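Residues per chain are reported as follows:
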Amino acid sequence: MAQEPYRPRRSVLYIPASNDKALAKIASLACDAVIIDLEDAVLPADKKAARDKIAGILVGREKRCEMVVRINPLASEWGADDLLDVAKAEPDGILLPKIGTPRDILEAGDLLDDNFAPDSVKLWAMVETPKALLNIGAIAELGRDPASRLACFVAGTNDLVKATGILATPDRRYLMPWLMQLVLAARAGGLDVIDGVANDFRDLDALARECADGAAMGFDGKSLIHPAQIEPANRAFSPSSEALARARAIRDAFARPENAGKGVIAMDGRMVERLHLAEAEKLLAKAIIIGA
(Lines give C-alpha, C1' and ligand atoms only; values in the text may rest on other atoms or scores of the structure.)
Protein backbone atom coordinates (compact mmCIF):
# COMPACT_ATOMS: atom_id res chain seq x y z
CA MET A 1 0.00 0.00 0.00
CA ALA A 2 1.41 3.41 -0.97
CA GLN A 3 2.14 5.64 2.00
CA GLU A 4 0.04 8.79 2.16
CA PRO A 5 2.12 11.96 2.51
CA TYR A 6 2.29 13.28 6.05
CA ARG A 7 -0.28 15.93 6.92
CA PRO A 8 -0.04 17.64 10.29
CA ARG A 9 -3.28 17.44 12.26
CA ARG A 10 -2.16 18.91 15.57
CA SER A 11 -5.05 21.35 15.80
CA VAL A 12 -8.45 20.54 14.26
CA LEU A 13 -10.98 23.33 14.76
CA TYR A 14 -14.75 22.87 14.53
CA ILE A 15 -16.57 25.78 12.88
CA PRO A 16 -20.39 25.77 12.52
CA ALA A 17 -21.47 26.07 8.90
CA SER A 18 -24.07 28.58 10.11
CA ASN A 19 -21.50 30.95 11.66
CA ASP A 20 -20.53 33.32 8.86
CA LYS A 21 -18.29 35.43 11.08
CA ALA A 22 -16.19 32.43 12.10
CA LEU A 23 -16.09 31.06 8.56
CA ALA A 24 -14.70 34.35 7.27
CA LYS A 25 -11.67 33.95 9.53
CA ILE A 26 -10.56 30.54 8.27
CA ALA A 27 -7.78 31.89 6.06
CA SER A 28 -6.19 33.68 9.02
CA LEU A 29 -6.20 30.71 11.41
CA ALA A 30 -3.03 28.83 12.34
CA CYS A 31 -4.77 25.48 12.80
CA ASP A 32 -3.77 22.44 10.74
CA ALA A 33 -7.35 21.53 9.85
CA VAL A 34 -10.85 22.95 10.00
CA ILE A 35 -14.04 20.89 10.36
CA ILE A 36 -17.01 22.78 8.98
CA ASP A 37 -19.92 21.35 10.93
CA LEU A 38 -23.31 20.57 9.43
CA GLU A 39 -24.37 18.30 12.29
CA ASP A 40 -24.51 19.25 15.97
CA ALA A 41 -23.91 22.97 15.47
CA VAL A 42 -26.76 23.49 13.00
CA LEU A 43 -30.46 23.46 13.89
CA PRO A 44 -32.72 21.16 11.84
CA ALA A 45 -34.48 24.08 10.18
CA ASP A 46 -31.16 25.48 9.01
CA LYS A 47 -29.48 22.31 7.77
CA LYS A 48 -30.29 22.60 4.07
CA ALA A 49 -29.25 26.24 3.95
CA ALA A 50 -26.01 25.39 5.72
CA ARG A 51 -25.31 22.57 3.25
CA ASP A 52 -25.92 24.91 0.32
CA LYS A 53 -23.16 27.19 1.61
CA ILE A 54 -20.43 24.55 1.54
CA ALA A 55 -19.45 24.98 -2.11
CA GLY A 56 -19.01 28.71 -1.64
CA ILE A 57 -16.92 28.17 1.49
CA LEU A 58 -14.58 25.71 -0.20
CA VAL A 59 -14.21 27.30 -3.63
CA GLY A 60 -10.90 29.07 -4.05
CA ARG A 61 -9.84 28.07 -0.55
CA GLU A 62 -6.27 28.54 0.51
CA LYS A 63 -4.34 25.33 1.06
CA ARG A 64 -2.72 26.40 4.33
CA CYS A 65 -5.06 24.16 6.31
CA GLU A 66 -6.92 20.95 5.62
CA MET A 67 -10.65 21.44 4.99
CA VAL A 68 -13.06 18.79 6.28
CA VAL A 69 -16.87 18.86 6.46
CA ARG A 70 -18.84 16.98 9.12
CA ILE A 71 -22.13 15.85 7.63
CA ASN A 72 -25.23 14.53 9.32
CA PRO A 73 -25.50 10.75 9.88
CA LEU A 74 -26.24 8.88 6.67
CA ALA A 75 -29.29 7.34 8.37
CA SER A 76 -30.77 10.80 8.97
CA GLU A 77 -32.99 12.67 6.51
CA TRP A 78 -30.08 14.97 5.59
CA GLY A 79 -27.15 12.55 5.50
CA ALA A 80 -27.13 11.21 1.94
CA ASP A 81 -27.74 14.65 0.40
CA ASP A 82 -25.04 16.09 2.65
CA LEU A 83 -22.53 13.49 1.50
CA LEU A 84 -23.15 13.91 -2.22
CA ASP A 85 -23.44 17.71 -2.25
CA VAL A 86 -20.36 18.16 -0.07
CA ALA A 87 -18.35 15.73 -2.20
CA LYS A 88 -19.04 17.89 -5.28
CA ALA A 89 -17.17 20.72 -3.56
CA GLU A 90 -14.16 18.38 -3.17
CA PRO A 91 -13.13 18.97 0.46
CA ASP A 92 -10.04 17.23 1.78
CA GLY A 93 -12.26 15.05 3.92
CA ILE A 94 -15.83 14.27 4.94
CA LEU A 95 -16.35 13.47 8.62
CA LEU A 96 -18.96 10.77 9.26
CA PRO A 97 -20.68 11.02 12.66
CA LYS A 98 -22.21 8.22 14.72
CA ILE A 99 -20.43 5.36 12.94
CA GLY A 100 -20.93 1.91 14.46
CA THR A 101 -19.58 -0.71 12.07
CA PRO A 102 -17.30 -1.00 9.03
CA ARG A 103 -20.44 -1.01 6.91
CA ASP A 104 -20.98 2.68 7.72
CA ILE A 105 -17.65 3.56 6.14
CA LEU A 106 -18.11 1.23 3.18
CA GLU A 107 -21.59 2.58 2.36
CA ALA A 108 -20.31 6.15 2.37
CA GLY A 109 -17.38 5.16 0.19
CA ASP A 110 -19.65 3.35 -2.25
CA LEU A 111 -21.84 6.44 -2.59
CA LEU A 112 -18.79 8.58 -3.31
CA ASP A 113 -17.48 6.09 -5.87
CA ASP A 114 -20.86 5.74 -7.59
CA ASN A 115 -21.04 9.52 -7.95
CA PHE A 116 -17.47 9.86 -9.22
CA ALA A 117 -16.05 11.77 -6.26
CA PRO A 118 -12.27 12.10 -6.71
CA ASP A 119 -10.01 9.84 -4.65
CA SER A 120 -8.65 12.94 -2.92
CA VAL A 121 -11.91 13.20 -0.93
CA LYS A 122 -11.11 11.12 2.15
CA LEU A 123 -13.38 9.86 4.90
CA TRP A 124 -12.92 10.71 8.56
CA ALA A 125 -14.94 8.89 11.21
CA MET A 126 -16.31 10.08 14.54
CA VAL A 127 -15.86 7.43 17.24
CA GLU A 128 -18.53 8.50 19.70
CA THR A 129 -20.70 5.47 20.47
CA PRO A 130 -20.19 2.28 22.49
CA LYS A 131 -20.94 0.27 19.35
CA ALA A 132 -18.13 1.99 17.46
CA LEU A 133 -15.67 1.22 20.25
CA LEU A 134 -16.70 -2.42 20.33
CA ASN A 135 -16.11 -2.64 16.57
CA ILE A 136 -13.10 -0.35 16.39
CA GLY A 137 -10.59 -2.99 15.32
CA ALA A 138 -12.63 -4.04 12.29
CA ILE A 139 -13.37 -0.42 11.38
CA ALA A 140 -9.70 0.54 11.62
CA GLU A 141 -8.68 -2.35 9.38
CA LEU A 142 -10.34 -0.47 6.50
CA GLY A 143 -7.50 2.01 6.74
CA ARG A 144 -5.24 -0.60 5.14
CA ASP A 145 -7.36 -0.48 1.96
CA PRO A 146 -7.03 2.83 0.06
CA ALA A 147 -10.32 2.08 -1.70
CA SER A 148 -12.15 2.65 1.60
CA ARG A 149 -10.98 6.29 1.65
CA LEU A 150 -10.72 6.08 5.46
CA ALA A 151 -7.96 8.38 6.73
CA CYS A 152 -8.64 9.52 10.27
CA PHE A 153 -10.55 8.83 13.49
CA VAL A 154 -11.90 11.65 15.68
CA ALA A 155 -12.79 10.88 19.29
CA GLY A 156 -16.25 12.10 20.27
CA THR A 157 -15.60 12.22 23.99
CA ASN A 158 -18.70 14.20 24.97
CA ASP A 159 -20.98 11.70 23.27
CA LEU A 160 -19.10 8.77 24.80
CA VAL A 161 -19.55 10.25 28.26
CA LYS A 162 -23.25 10.78 27.62
CA ALA A 163 -23.82 7.33 26.11
CA THR A 164 -22.01 5.39 28.83
CA GLY A 165 -22.85 7.44 31.90
CA ILE A 166 -19.27 7.58 33.14
CA LEU A 167 -18.17 10.49 35.32
CA ALA A 168 -16.39 13.21 33.34
CA THR A 169 -13.44 14.05 35.60
CA PRO A 170 -10.78 16.67 34.79
CA ASP A 171 -8.14 13.97 34.35
CA ARG A 172 -10.45 11.89 32.11
CA ARG A 173 -9.53 8.78 34.08
CA TYR A 174 -12.63 6.83 33.07
CA LEU A 175 -12.22 7.70 29.40
CA MET A 176 -8.55 6.76 29.24
CA PRO A 177 -8.99 3.02 28.53
CA TRP A 178 -11.22 3.75 25.55
CA LEU A 179 -8.98 6.52 24.24
CA MET A 180 -5.99 4.18 24.39
CA GLN A 181 -8.02 1.50 22.61
CA LEU A 182 -8.83 4.02 19.89
CA VAL A 183 -5.18 4.97 19.42
CA LEU A 184 -4.16 1.32 19.24
CA ALA A 185 -6.77 0.55 16.60
CA ALA A 186 -5.82 3.61 14.55
CA ARG A 187 -2.17 2.58 14.51
CA ALA A 188 -3.11 -0.96 13.50
CA GLY A 189 -5.04 0.49 10.57
CA GLY A 190 -2.45 3.08 9.58
CA LEU A 191 -4.83 5.92 10.45
CA ASP A 192 -4.42 9.28 12.11
CA VAL A 193 -6.42 9.80 15.29
CA ILE A 194 -7.60 13.07 16.86
CA ASP A 195 -8.41 13.53 20.55
CA GLY A 196 -11.77 14.89 21.70
CA VAL A 197 -12.57 18.49 22.60
CA ALA A 198 -11.90 20.37 25.82
CA ASN A 199 -15.22 22.04 26.62
CA ASP A 200 -14.07 25.07 28.64
CA PHE A 201 -12.28 27.10 25.99
CA ARG A 202 -11.38 29.75 28.56
CA ASP A 203 -9.32 27.34 30.67
CA LEU A 204 -6.18 27.08 28.55
CA ASP A 205 -4.24 25.44 31.39
CA ALA A 206 -6.70 22.55 31.42
CA LEU A 207 -6.48 22.38 27.65
CA ALA A 208 -2.70 22.22 27.83
CA ARG A 209 -2.91 19.31 30.26
CA GLU A 210 -5.34 17.44 28.01
CA CYS A 211 -3.13 18.09 24.99
CA ALA A 212 -0.05 16.85 26.84
CA ASP A 213 -1.93 13.71 27.90
CA GLY A 214 -3.22 13.20 24.36
CA ALA A 215 0.24 13.55 22.85
CA ALA A 216 1.64 11.11 25.41
CA MET A 217 -1.10 8.61 24.53
CA GLY A 218 -0.15 8.80 20.85
CA PHE A 219 -2.86 11.04 19.40
CA ASP A 220 -1.89 13.08 16.35
CA GLY A 221 -3.75 16.17 17.49
CA LYS A 222 -6.66 17.70 19.34
CA SER A 223 -10.12 18.71 18.16
CA LEU A 224 -10.93 22.27 19.21
CA ILE A 225 -13.94 24.53 19.61
CA HIS A 226 -12.31 27.99 19.81
CA PRO A 227 -9.40 29.69 18.01
CA ALA A 228 -7.76 30.46 21.37
CA GLN A 229 -7.08 26.73 21.70
CA ILE A 230 -5.04 26.47 18.48
CA GLU A 231 -1.64 27.61 19.75
CA PRO A 232 -1.55 25.34 22.83
CA ALA A 233 -2.54 22.36 20.68
CA ASN A 234 0.07 23.11 18.03
CA ARG A 235 2.72 23.41 20.72
CA ALA A 236 1.77 20.20 22.51
CA PHE A 237 1.64 18.06 19.38
CA SER A 238 4.87 19.41 17.89
CA PRO A 239 8.16 17.65 18.64
CA SER A 240 10.08 19.22 21.50
CA SER A 241 13.56 20.65 21.01
CA GLU A 242 14.89 17.78 23.14
CA ALA A 243 13.20 15.18 20.95
CA LEU A 244 14.55 16.81 17.81
CA ALA A 245 18.07 16.96 19.23
CA ARG A 246 17.88 13.28 20.11
CA ALA A 247 16.58 12.43 16.63
CA ARG A 248 19.43 14.32 14.97
CA ALA A 249 21.95 12.58 17.20
CA ILE A 250 20.57 9.16 16.23
CA ARG A 251 20.59 10.04 12.52
CA ASP A 252 24.14 11.36 12.69
CA ALA A 253 25.38 8.36 14.67
CA PHE A 254 24.11 5.86 12.10
CA ALA A 255 25.58 8.00 9.30
CA ARG A 256 29.12 7.51 10.59
CA PRO A 257 31.18 5.12 8.42
CA GLU A 258 31.92 2.78 11.31
CA ASN A 259 28.17 2.25 11.87
CA ALA A 260 27.13 1.81 8.24
CA GLY A 261 26.49 -1.93 8.47
CA LYS A 262 25.29 -2.11 12.03
CA GLY A 263 21.74 -2.86 13.11
CA VAL A 264 22.38 -1.81 16.71
CA ILE A 265 24.72 0.80 18.17
CA ALA A 266 25.35 2.24 21.62
CA MET A 267 24.61 5.89 22.39
CA ASP A 268 25.09 7.45 25.81
CA GLY A 269 25.03 4.03 27.41
CA ARG A 270 21.79 2.99 25.70
CA MET A 271 21.07 0.53 22.90
CA VAL A 272 19.79 2.17 19.73
CA GLU A 273 18.38 0.09 16.86
CA ARG A 274 17.58 0.93 13.28
CA LEU A 275 13.91 1.12 14.21
CA HIS A 276 14.90 4.11 16.35
CA LEU A 277 16.64 5.56 13.28
CA ALA A 278 13.41 5.19 11.28
CA GLU A 279 11.48 6.93 14.06
CA ALA A 280 14.08 9.70 14.19
CA GLU A 281 13.95 10.29 10.45
CA LYS A 282 10.15 10.38 10.52
CA LEU A 283 10.17 12.90 13.37
CA LEU A 284 12.67 15.13 11.58
CA ALA A 285 10.64 15.00 8.37
CA LYS A 286 7.51 16.01 10.29
CA ALA A 287 9.38 18.85 11.94
CA ILE A 288 10.34 20.26 8.55
CA ILE A 289 6.72 20.20 7.36
CA ILE A 290 5.35 21.99 10.45
CA GLY A 291 8.33 24.35 10.66
CA ALA A 292 9.46 23.12 14.08
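The structure displayed is predicted, hence computed values, not measured ones. (Residues numbered from 1 in each chain as written. Predicted model: local features only at pLDDT ≥ 70, side-chain atom pairs only at ≥ 80, totals over all residues. Heavy atoms only, no water.)

Regarding the overall build of the chain
Here is step 1 of the chain: Secondary structure assignment for the chain yields 13 helices and 10 strands.
Here is step 2 of the chain: In terms of C-alpha radius of gyration, the chain reaches 20 Å, essentially the compact-globule figure of 19 Å for 292 residues.
Here is step 3 of the chain: Dimensions along the principal axes, computed over C-alpha positions, put the chain at roughly 70 × 40 × 40 Å.
Here is step 4 of the chain: Residues counted as buried form 47% of the 292 residues belonging to the chain.
Here is step 5 of the chain: Taking as baseline every contact in the chain between residues at least 6 positions apart, the subset at least 24 positions apart corresponds to 70%.
Here is step 6 of the chain: For the chain, the computed accessible surface area is about 14300 Å², with 55% contributed by carbon and sulfur atoms.
Here is step 7 of the chain: Across the chain, the 37 positively charged side chains and the 43 negatively charged ones have centroids separated by 4 Å. (Helix = DSSP H or I, 4+ residues; strand = E, 2+ residues; numbered from the N terminus. Rg over C-alpha atoms; globule rule 2.2 N^0.38 Å. Buried < 20%, exposed > 50% of the residue type's maximum accessible area, 1.4 Å probe, protein only. Contact = heavy atoms within 4.5 Å. Areas by Shrake-Rupley, 256 points an atom, 1.4 Å probe, with all protein chains shown as cover. Lys, Arg positive; Asp, Glu negative; His and termini not counted. Charge placed at Lys NZ, Arg CZ, Asp CG, Glu CD.)

Remarks on the packing of helix α12 (residues 241-255) against helix α13 (residues 274-290)
Here is step 1 of the chain: For the pair α12 and α13, interaxial distance at closest approach is 9 Å and the crossing angle is 125 degrees. In terms of orientation, α12 and α13 fall into the oblique class. Relative to α13, α12 is oriented so that their crossing is left-handed. Only Arg-274, His-276, Leu-277, Ala-280, Leu-283, Leu-284 and Ala-287 of α13 make contact with α12, whose side of the interface consists of Ala-243, Leu-244, Ala-247, Arg-248, Ile-250, Arg-251 and Phe-254. (Axes fitted to C-alpha atoms, helices over the stretch in contact; angles between N-to-C directions. Parallel < 35°, antiparallel > 145°, perpendicular 65-115°, else oblique. Left-handed = near helix turned anticlockwise from the far one by under 90°.)

Considering the environment of Pro-239
Here is step 1 of the chain: Relative to the helices and strands, Pro-239 is located in the loop between α11 (230-236) and α12.
Here is step 2 of the chain: Other than its neighbours up to four places away in sequence, Pro-239 contacts Leu-244, Leu-283, Ala-287, Ile-290 and Ala-292.

Concerning the pattern of salt bridges
Here is step 1 of the chain: Summed over all chains, the structure comprises 28 salt bridges.
Here is step 2 of the chain: Asp-82 serves as the salt-bridge partner of Arg-51, at 2.6 Å between the closest nitrogen and oxygen. With Arg-51 in helix α2 (residues 47-52) and Asp-82 in helix α4 (residues 79-88), the pair connects residues that are 31 residues apart, well separated along the chain. Accessibility assignment for this pair places Arg-51 and Asp-82 in one class, buried. (Salt bridge = Lys/Arg side-chain N within 4 Å of Asp/Glu carboxyl O.)

Focus on the sheet that holds strand β7 (residues 192-195)
Here is step 1 of the chain: Spatial ordering of the closed barrel is given by β1-β2-β3-β4-β5-β6-β7-β8, a layout of 8 strands whose pairing is parallel. Strand-to-strand twist in this sheet, taken as the mean axis angle between neighbours without regard to direction, amounts to 25 degrees.
Here is step 2 of the chain: Inspection of the sheet shows strand β1 (residues 11-16) paired to strand β8 (residues 221-224) by 3 bridges, in the parallel sense. Bridge assignment links Ser-11 to a residue of β8, and that residue is Lys-222. (Pairing = 2+ DSSP bridges.)

Considering the nonpolar core
Here is step 1 of the chain: Among the nonpolar cores identified, the biggest contains 63 residues, and Ile-36, Ile-54, Ile-94, Leu-96, Ile-105 and Phe-153 are the most heavily contacted of them.
Here is step 2 of the chain: With 5 residues, the single largest contributor to this core is helix α9 (residues 176-188).
Here is step 3 of the chain: Once residues lying within four places of it in the same chain are set aside, the contact partners of Ile-54 are Ala-17, Ile-36, Leu-38, Val-69, Val-86 and Ala-89.
Here is step 4 of the chain: Ranked by size, the runner-up nonpolar core spans 13 residues in total, among them Ile-35, Val-68, Ala-151 and Val-154. (Core = buried A, V, L, I, M, F, W, Y, C linked by side-chain atoms within 4.5 Å.)

Side note on the packing of aromatic side chains
Here is step 1 of the chain: Under the defined criterion, the tally for this structure stands at 0 aromatic pairs.
Here is step 2 of the chain: The ring of Trp-78 carries the charged tip of Lys-47 above its face, separated from the ring centre by 5.2 Å. (Phe/Tyr/Trp six-rings, centres within 6.5 Å; stacked < 30°, edge-to-face > 60°. Lys NZ or Arg CZ within 6 Å of the ring centre and 35° of its normal.)

What to know about the pairing of strand β10 (residues 270-273)
Here is step 1 of the chain: In the sheet, strand β9 (residues 264-267) pairs with β10 via 4 bridges, with the strands oriented antiparallel. Within β10, the position partnered with Ile-265 by the bridge is Val-272.
Here is step 2 of the chain: If you look at the hairpin formed by β9 and β10, you'll find 2 residues sitting between the two strands, and Asp-268 has a positive phi there, around 55 degrees.

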